[in-house]
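Working through the structure, step by step
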Amino acid sequence: MPKNKGKGGKNRKRGKNEADDEKRELVFKEDGQEYAQVSRMLGNGRCEALCIDGTKRLCHIRGKMHKKVWIAAGDIVLVGLRDYQDDKADVILKYMNDEARLLKAYGEIPDTVRLNEGVVDEEDAGAQDDYIQFEDEDIDKI
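The sections below set out a description of the structure shown in this document.

Cut-off values and rules
Residues numbered from 1 in each chain as written. Predicted model: local features only at pLDDT ≥ 70, side-chain atom pairs only at ≥ 80, totals over all residues. Heavy atoms only, no water. Pairing = 2+ DSSP bridges. Helix = DSSP H or I, 4+ residues; strand = E, 2+ residues; numbered from the N terminus. Axes fitted to C-alpha atoms, helices over the stretch in contact; angles between N-to-C directions. Buried < 20%, exposed > 50% of the residue type's maximum accessible area, 1.4 Å probe, protein only. Phe/Tyr/Trp six-rings, centres within 6.5 Å; stacked < 30°, edge-to-face > 60°.

**Quick notes on the pairing of strand E1 (residues 33–43)**
Examined bridge by bridge, E1 and strand E4 (residues 76–81) share five bridges and lie antiparallel to one another. Across the sheet, Gln-37 pairs through a bridge with Ile-76, a residue of E4. In terms of strand pairing, E1 meets strand E2 (residues 46–51) through six bridges, oriented antiparallel. Counterpart to Gly-43 in the pairing with E2 is Arg-46. Taken together, E1 and the strand that follows it, E2, pair antiparallel across an intervening segment of two residues, in which Asn-44 is found at a positive phi of about 60 degrees.

Here it is, written out as structure tokens:
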């Protein structure tokens, strides 16, 4: 039987997520960067995000964040724009919910952006008002 010479298995790789409790400084965008809301996850470290400037971009999650920071649809992220590809970008930072609310309060993100909504879809925006009202008489006939 071989001896275990390593420092542990996958539990050691998972580690303790102590960074969640700490408050971190709010990072604002610089030139060459843009705020975006993730519209859907594509897999393979990629996602589709709708940037604040109105452009839908294919974003690549950087290696430092890959498998450490979980990104879901509806999250607000900071993306680095590429000089040579306008339709692609790189995810630099994921904002937590309270940080995204602060960005909206500071006016960095427009008021039209919905926070904590999950999937962002333009076609389903008006579908929330569709409902059917039944009369009591209709129920009795069935």
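**Overview of the sheet that holds E4**
Two pairing modes exist for strands in a sheet, parallel and antiparallel, and in both the strands are linked by backbone hydrogen bonds. Within the closed barrel, the five strands sit side by side as E1-E2-E3-E5-E4. Their pairing is mixed. The sheet shows a mean angle of 50 degrees between the axes of neighbouring strands, taken without regard to direction. In terms of strand pairing, E2 meets strand E3 (residues 56–61) through five bridges, oriented antiparallel. Opposite Glu-48, over in E3, you have Leu-58 as the bridge partner.

**Here's the deal with the pairing of E3**
Burial along E3 is one-sided: Arg-57, Cys-59 and Ile-61 are buried, while Lys-56, Leu-58 and His-60, pointing the other way, are not. Remark: four residues form the turn of the hairpin made by E2 and E3, two consecutive strands paired antiparallel; Gly-54 in that turn has positive phi of roughly 95 degrees.

**With respect to the packing of aromatic side chains**
One pass over the structure, following the stated rule, counts two aromatic pairs. A ring pair is formed by Phe-28 and Tyr-106, whose centres lie 6.0 Å apart and whose planes are at 50 degrees; its orientation type is tilted. In this pair, Phe-28 sits in the loop between helix H1 (10–14) and E1 while Tyr-106 sits in helix H2 (residues 97–106), placing the two residues 78 residues apart along the sequence. Judged by relative accessible area, Phe-28 falls into the partly exposed class, the value being 36%. Residue Tyr-106 is classed as exposed on the basis of its relative accessible area, which comes to 53%. Arranged with centres 6.0 Å apart and planes meeting at 50 degrees, the rings of Tyr-35 and Tyr-95 form a pair that is tilted.

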